[in-house]
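One-letter residues, chain by chain:
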Amino acid sequence: MNLFASKDDVIRWLGELLKEHVVIAPVRVQEQTTFQPISQVEDVVFDFNNTALSPKGWFLPPTETLFSVQRDDGKVELVPTKVERDAVIFGLHPCDARGIALMDSPFLQEPSDALYRERRSRTALIGLACRQAQPECFCTSMGSAPDDPSNVDILLTEGEDGYIVQAVTEKGKALLPKGLAEYKGKVPAPPKLEAVPTKEVVSAMRELFNDPYWEQVADRCLHCNICAYVCPTCYCFDMRDYADKGKVERVRSWESCQSPGFSLTAGGYDPRTTKGERLRQRFCHKLLYFPEQFQDVACVGCGRCVRDCPVNIDIREVISNLKQVTEAKSGS
Amino acid sequence: MDKELIQQIRDKARNLLKEGTVEGVIGYERASDDLTSRPLFAYSPSDTERLIFDETCAHNLVKYLLDKKGKKIAVVVKPCDSRAINLLLNEGQIERDNVFIIGVGCPGMVETNWNHKSETLQAKCRTCQLFKPVVYDFLAGGEIERQAEEETYSDITEEEAKSVATRREFWLEQFGRCIRCYACRQVCPGCYCPVCFAERLDPLWVGIRIAPEENDMWQTIRSFHLAGRCIGCNECERVCPVDIPLSLLNRKLEKDVKELFAFQAGLDPEEAPPFATFKKEEVMEFEK
Amino acid sequence: MGPESPFTPYLATLKTATQLTPDIKLLSVELEDPDIKAGFDYKPGQFALLSAFGEGEAPFGIVSLPLQKDGLEFAVRRIGTVTRALQELEPGDTLGVRGPFGNYFPLEDYVGKNMIVIGGGIGMAPLRPVINSILEQRDDYKELLIINGARTPQDLVFQPEFPTWMEAPGTKLELTVDRGDEEWKGRVALVPDVVKELAPSPGNAIAIVCGPPIMIRFTLARLRDLGYKDNQIVTTLEAKMKCGLGKCARCNIGEKYVCQDGPVFNLEQISQFLEQP
Ligand code: SF4
Ligand code: SF4
Ligand code: SF4
Ligand code: SF4
Ligand code: SF4
Ligand code: FES
């Protein structure tokens, strides 16, 4: 059953949630919109294109301490970081919610990542259906849709004078404000998006592995980490110790397979030394290794890498090109 | 789009490839948004049909010469980018004989993002005093006539006037957003150390935390490594995904070097930057 | 029982540190918690991540024998900041251990076979428990030929064990160095050349090869010349590892994660990887 909430209802509700939860929501920072824990509901932006960074950072922060090392009289104790509070992420678009669901595969696979698991189970996701798609969006080719409720606890859809509220999970139901009226009207149709031939290419990836295409497209790649850091499904990390004024912590931070030292071992061996090999890793992880390991393609079609790559390596174009390469191969 | 200019670039590129003078031509082509542009690596004469040039061709393609060392390559170069060629020649990173420079006179680049093109000229272009490249082998389209504002560094003097505490607060806020994606480094023609200090573990210069203090350290050292070497292409600021105003740092250092040493990077291939009066052999030594 | 987070290491005490070569130390460590110690089951070829708190973590093959529980042994070569810090630890100091991780040498599949174990430099580390396991169950295997190479005589890693290996029944130890010194009376030759010279028969044999990439490459070629099939040649792969658990997406070579699917593979398996190491 769908319910209805006016914008004021939603704002009041967020205010209530803020009392007991950390509320992470899209806010404006300079010219950009980004997910952050809010201190007041007034800061929340309701109408926005995909945020600068995805909300994955709540579960896999750019940097976090895994444990701190305490020494007492020569005795060492490791004190793991604790998750202190319940949280709500408000306003995730369906693609970002799917991104989180995809990250569950590696992180919740046993032995599960304790911090990730804690945050994940103590965080409710309130999604916001997209009434408009951006030219870089292609979620419908990647297993989601602008109105996809599958990976959130509650989905809001903007209707006339307010929001249609759909509680998807029990966790979502428990979180709903009391006294919302039933919504009997129609739910507005989602925007249409152009299709990308994902399926054909995913099934041909093994044959494409040694194609010269990778070196060609990698020519212009700068091997920065932008595409990985803005991506809701990239999850590579580095772990090192941080020692400062007697304080010692094991820290983990984001990293990306595009960065030059990523796969270089201490002994000096590197399985991927050319630009093409490195860029191929990115696409093969998303379109081949991850699907073989966890069934799904590790892209949700949010378009952030398309939007932010400084040299326009556009994953949709890469997929289309790969399809052409496959066709040319089977044709000849 | 200046059709004639583009034709000249294409003709030149095609001939260079046909005659075998170069192995490849690095230029610009239309991006996937059908509006802005992106680098193109043309290896066959037919690829050259995709070459374009217009006010969205912001990328400094000189950076890519570092990937193509030892190969004969032609590169399309704007006046500002051409200073990077002098920088790299001076620092022994590229060989003049291996590079064929297709210079273009430049009307100025506008602010762009994927699928967005504004009418406003980039700030660096408003004050750019170069109307043709400082070094080239072929000049497509000839020299351009246009008006440029004077570089007054007024924004820098304004910053300088603020208290240390205010400036510190401003920069910590800015660097607090940095995600250490290193795009600013990867795009910069002056950043080519085989192992950047930011990734060097022994000795450790800056930890892996993506947090204001480390980010601050990262940007402080980055900008100082470019003091007197930054050629002002402003590519670093353009690619920063979180819009950190790196030009304020770079231009502050540029201004100081200009005032102290009467030097501007990349104008003359013979004159070494003031903090870099080392020899090529020493550069190699440092890189080890 | 174990630590709640798979990233929290078990605490352990360094019992002894023995200088094996100028840059390799053998660390013997004991897990502090008796339950964890009792439950720490591992097999030859598996690895663990050692923590030097304040520096970080790095992967090392476990070089002791599985039955040995109060002294897990690791051969640590100084190549970076973590290995340096580990080498600087004094007996009694605390370090961290995570593991055991990865797969292992399927020794039970090799019962009844001639074993050729070829190691170069620190590559002998994962082979030491293989050799010692074979010697423990000597009757289960046929001939054992050990070819051990190093840059110089001082760099031969497990010298204290050489007498035991040499005296074991049906066992031959062939040593070789790239560069000898005044005292060295043995071979001065590269490992692949020694393989060629000794020409161990491929009949009913398994060759296990570990060492620097170049040595591996040429040794494999020599073995193939001798008629070894890819499924008779086994090696361990090196990769940059951080988590050891298939989570940091870093150690893959093609579709295989070295920390989980490896580090032990035979050549037939490797030749089917998309990406070639
Ligand atoms: S694809 Fe684009 S964003 Fe990704 S590393 Fe290459 S240049 Fe950077
Ligand atoms: S690969 Fe690009 S489009 Fe796909 S999820 Fe990541 S950032 Fe979004
Ligand atoms: S694509 Fe690259 S950065 Fe992203 S998760 Fe995979 S390996 Fe990591
Ligand atoms: S620091 Fe920035 S402006 Fe200066 S040369 Fe490098 S990329 Fe260009
Ligand atoms: S490009 Fe921006 S976000 Fe990336 S490292 Fe540089 S300053 Fe930080
Ligand atoms: S070491 Fe992290 S995935 Fe293998």
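Residue numbers here run from 1 along each chain, matching the order of that chain's written sequence. Here chains are named by letter from A upward and ligands by number from 1 upward, in the order in which they appear as written. In view of the model being predicted, local features appear only for residues whose pLDDT reaches at least 70, and side-chain atom pairs are presented and counted only at 80 or more, with totals across whole chains, interfaces and linings using the full set of residues. The basis for every side-chain value is the complete set of non-hydrogen atoms in the structure, without hydrogens or water.

## Structural notes on the site of ligand 3
Keep this limit in mind: The rule for a residue being near a molecule or strand is that one of its heavy atoms must lie within 4 Å of it. Here a helix means four or more residues in a row that DSSP labels H or I, a strand means two or more in a row labelled E, and each is numbered from the N terminus. Throughout this entry, Asp, Glu, Lys and Arg are counted as charged residues, while Ala, Val, Leu, Ile, Met, Phe, Trp, Tyr, Cys and Pro are counted as nonpolar. The remaining residues, Gly among them, count as polar.
The immediate surroundings of ligand 3 are formed by Ala 228, Cys 234, Tyr 235, Cys 236, Ser 256, Cys 257, Gln 281, Arg 282 and His 285 of chain A together with Ala 249 of chain C. Residues within reach of ligand 3 are spread across chains A and C. Considering every element that reaches the shell around ligand 3, the biggest residue donor is helix α8 (residues 275–294) of chain A, with 3 residues. The residue makeup of the shell around ligand 3, split by class, is 6 nonpolar, 3 polar and 1 charged.

## Overview of the site of ligand 2
Residues and elements named next belong to chain A. In the vicinity of ligand 2 lie 13 residues, with Cys 231, Cys 299, Cys 302, Gly 303 and Cys 305 positioned nearest. Elements that contribute at least two residues to the shell around ligand 2 include exactly α8 and α9 (304–308). Residues of the shell around ligand 2, tallied by class, amount to 8 nonpolar, 2 polar and 3 charged.

## Remarks on the domain arrangement of chain C
All names here are of chain C. What counts is decided by this rule: All the domain ranges listed were derived from an automatic or database domain assignment. By definition, residues are in contact when any of their heavy atoms lie within 4.5 Å. The term buried area means the drop in 1.4 Å probe accessible area that two parts suffer when joined, counted for both and summed. Salt-bridge detection follows one rule: a side-chain nitrogen of Lys or Arg within 4 Å of a carboxyl oxygen of Asp or Glu.
Domain boundaries assigned for chain C yield domain 1 (10–101) and domain 2 (107–236). A separation of 24 Å is found between the C-alpha centroids of domain 1 and domain 2. Taken together, the contact between domain 1 and domain 2 spans 14 residues of the former and 15 residues of the latter. Carbon and sulfur atoms supply 68% of the area buried between domain 1 and domain 2, which totals about 1200 Å² over both sides. At the surface where domain 1 touches domain 2, the tally comes to 1 salt bridge. Linking Arg 128 and Glu 73 is a salt bridge whose minimum nitrogen-to-oxygen distance equals 2.6 Å.

## Details of the environment of Gly 185 of chain A
Looking at the secondary structure, you find Gly 185 of chain A in the loop between β10 (181–182) and α5 (198–208). Sequence separation between Gly 185 of chain A and Val 83 of chain A is 102 residues, and the spatial gap between their C-alpha atoms is 41 Å.

## Thoughts on the pairing of strand β3 (residues 47–52) of chain C
Along any regular strand, the residues point their side chains to alternate faces of the sheet. Residue and element names in this part refer to chain C. Where we set the bar: We call a residue buried when its accessible area falls under 20% of the maximum for its residue type, exposed when it is over 50%, and partly exposed in between, using a 1.4 Å probe and counting protein chains only. Two strands qualify as a pair provided DSSP detects at least 2 bridges between them.
Within β3, 6 of the 6 residues are buried, which leaves the element mostly enclosed by the surrounding structure. Residues Phe 47, Leu 49 and Ser 51 line one face of β3 and the alternating positions Ala 48, Leu 50 and Ala 52 line the opposite face, and both faces are buried. The sheet contact formed by β3 and strand β4 (residues 56–61) spans 6 bridges and is antiparallel. Across the sheet, residue Leu 49 finds its bridge partner in β4, namely Pro 59. Here β3 folds back onto β4 in antiparallel fashion, the turn holding 3 residues, of which Gly 54 has a positive phi close to 105°. Two elements, β3 and strand β6 (residues 94–101), share 4 bridges in a ladder whose sense is antiparallel. Considered in β6, the bridge of Ser 51 is made with Gly 96.

## Re the interface of chain C and chain A
By a frequent convention, interface size equals the accessible area lost on bringing the separate parts together. Counted only if it meets this: Whenever two N or O atoms come within 3.5 Å, that pair is a polar contact, provided that in protein one can donate a hydrogen and the other can accept it, and provided that, for residues adjacent in sequence, both atoms are side-chain atoms.
Tallying the contact residues gives 39 residues for chain C and 47 residues for chain A. Between chain C and chain A, roughly 3700 Å² of surface is buried when both sides are summed, and carbon and sulfur atoms account for 54% of that area. Here chain C is connected to chain A by 8 salt bridges. Taking the shortest distance from any N to any O, the salt bridge between Glu 255 of chain A and Arg 250 of chain C comes out at 2.1 Å. At the junction of chain C with chain A, the criterion picks out 20 residue pairs in polar contact (both at pLDDT 80 or more).

## Some details on the sheet that holds strand β4 (residues 63–72) of chain A
All names here are of chain A. What counts is decided by this rule: What counts as an axis is a line fitted to C-alpha atoms, over the stretch in contact for a helix, and the angles between N-to-C directions run from 0 to 180 degrees.
Taken together, 4 strands build an open sheet; the order of strands is β5-β4-β12-β11 and the sheet is antiparallel. What marks the edges here is a single partner per strand, and that holds for β5 (75–80) and β11 (237–244). Averaged over all adjacent pairs, the angle separating strand axes in this sheet is 25°, with direction ignored.

## Re the pattern of salt bridges
All names here are of chain B. Enumeration over the complete set of coordinates arrives at 61 salt bridges over all chains. We note a salt bridge from Glu 160 to Lys 255, for which the minimum N-O separation is 2.8 Å. Pair noted here: Glu 160 is in helix α4 (residues 154–161) and Lys 255 is in helix α9 (residues 246–261), with a separation of 95 residues, a long-range link. On the accessibility criterion, Glu 160 (25% relative accessible area) is partly exposed.

## As for α5 of chain A
Residue and element names in this part refer to chain A. How we decide: Throughout, the arc means that of the directions going from the helix axis to the C-beta atoms.
Burial in α5 covers these residues: Thr 198, Val 201, Ala 204, Met 205 and Leu 208. Axial view of α5: buried residues confined to an arc of 150°, hence all on one face. What points out from α5, more than 90 degrees from its buried face, is the exposed set Lys 199, Ser 203 and Glu 207. In this structure, the buried residues of α5 make contact with α6 (213–218), α8 and α10 (315–331).

## Observations concerning the domain arrangement of chain B
Residues and elements named next belong to chain B. Annotation of chain B at the domain level lists domain 1 (3–140) and domain 2 (154–276). Using only C-alpha atoms to locate each centre, domain 1 and domain 2 end up separated by 24 Å. In this complex, domain 1 contributes 18 residues to the contact, which on the side of domain 2 involves 27 residues. For the pairing of domain 1 and domain 2, the buried interface totals around 1800 Å² over both sides, and the portion due to carbon and sulfur atoms is 50%. Summed over the shared surface of domain 1 and domain 2, the result is 1 salt bridge. Between Glu 91 and Arg 229 there is a salt bridge; the shortest N-O distance is 2.7 Å. Taken together, the connections running from domain 1 to domain 2 amount to 8 residue pairs in polar contact (both at pLDDT 80 or more). Class assignment of the residues belonging to the side of domain 1 that touches domain 2 gives a composition of 8 nonpolar, 6 polar and 4 charged.

## Brief notes about the environment of Val 187 of chain A
Position of Val 187 of chain A among the secondary structure elements: in the loop between β10 and α5. The spacing of Val 187 of chain A and Phe 59 of chain A is 128 residues in sequence and 31 Å in space, taken between C-alpha atoms.

## Considering the environment of Leu 145 of chain C
Residue and element names in this part refer to chain C. Residue position: Leu 145 is located in strand β8 (residues 144–150). Taking the C-alpha atoms as reference points, Leu 145 and Lys 37, 108 residues apart in sequence, are found 33 Å from one another. If we skip the residues at most four places from it in the chain, Leu 145 touches Met 115, Ile 116, Val 117, Lys 172, Glu 174 and Pro 200.

## Re the nonpolar core
Quick reminder of the rule: As used here, the term nonpolar core means buried Ala, Val, Leu, Ile, Met, Phe, Trp, Tyr and Cys residues forming a set that is joined through side-chain atoms within 4.5 Å.
Counting residues in hydrophobic clusters, the biggest one holds 178 residues, and the most contacted among them are Met 205 and Ile 313 of chain A, Phe 53, Leu 65 and Ile 85 of chain B together with Ile 118 of chain C. For this core, the element with the most residues is α8 of chain A, which contributes 8 residues. Non-local contacts of Ile 85 of chain B, meaning those with residues more than four positions away in its chain, are made with Val 62, Leu 65, Val 75, Val 77, Ile 94, Val 99, Ile 101 and Val 135 of chain B. Counting residues in hydrophobic clusters, the runner-up holds 36 residues, among them Ala 125, Tyr 141, Phe 158 and Phe 162 of chain C.

## Concerning unusual backbone geometry
Cis geometry marks the peptide bond from Gly 99 of chain C to Pro 100 of chain C, where omega comes out at -5°. Structurally, the position occupied by Pro 100 of chain C is in strand β6. A cis amide bond links Gly 262 of chain C to the next residue, Pro 263 of chain C, at an omega of 5°. The topology assignment puts Pro 263 of chain C in the loop between β14 (256–257) and β15 (264–266). Unlike most non-glycine residues, Asn 312 of chain A shows phi in positive territory, near 60°. Here Asn 312 of chain A is to be found in the loop between α9 and α10. The buried category is assigned to Asn 312 of chain A, whose relative accessible area is 4%. Although it is not a glycine, Tyr 153 of chain B adopts a positive phi angle of roughly 55°. Following the sequence through the fold, Tyr 153 of chain B ends up in the loop between β7 (138–140) and α4.

## Some points on the packing of aromatic side chains
The test is simple: Classification of ring pairs rests on two measures: the distance between centres of Phe, Tyr or Trp rings, Trp counted by its six-membered ring, which must be within 6.5 Å, and the angle between planes, read as stacked under 30 degrees, edge-to-face over 60 and tilted in between. Comment: the charge-over-ring label is applied if NZ (Lys) or CZ (Arg) is within 6 Å of the ring centre and within 35 degrees of the ring normal.
One pass over the full model with this rule turns up 26 aromatic pairs over all chains. Here the aromatic rings of Phe 162 of chain C and Trp 165 of chain C are separated by 5.8 Å at their centres, their planes lie at 45°, and the arrangement is tilted. Here Trp 165 of chain C and Phe 162 of chain C lie together in helix α4 (residues 162–167), a separation of 3 residues that amounts to about one turn. Residue Trp 165 of chain C is classed as buried on the basis of its relative accessible area, which comes to 0%. These aromatic residues form a ring-pair network of at least three members: Phe 59, Phe 107, Tyr 116, Tyr 235, Phe 237, Phe 290 and Phe 294 of chain A together with Phe 7 of chain C. Taking NZ or CZ as reference, Lys 56 of chain A lies 4.8 Å from the ring centre of Trp 254 of chain A, over its face. One residue, Arg 280 of chain A, lies across the ring of Phe 209 of chain A, its end atom 3.7 Å from the ring centre.

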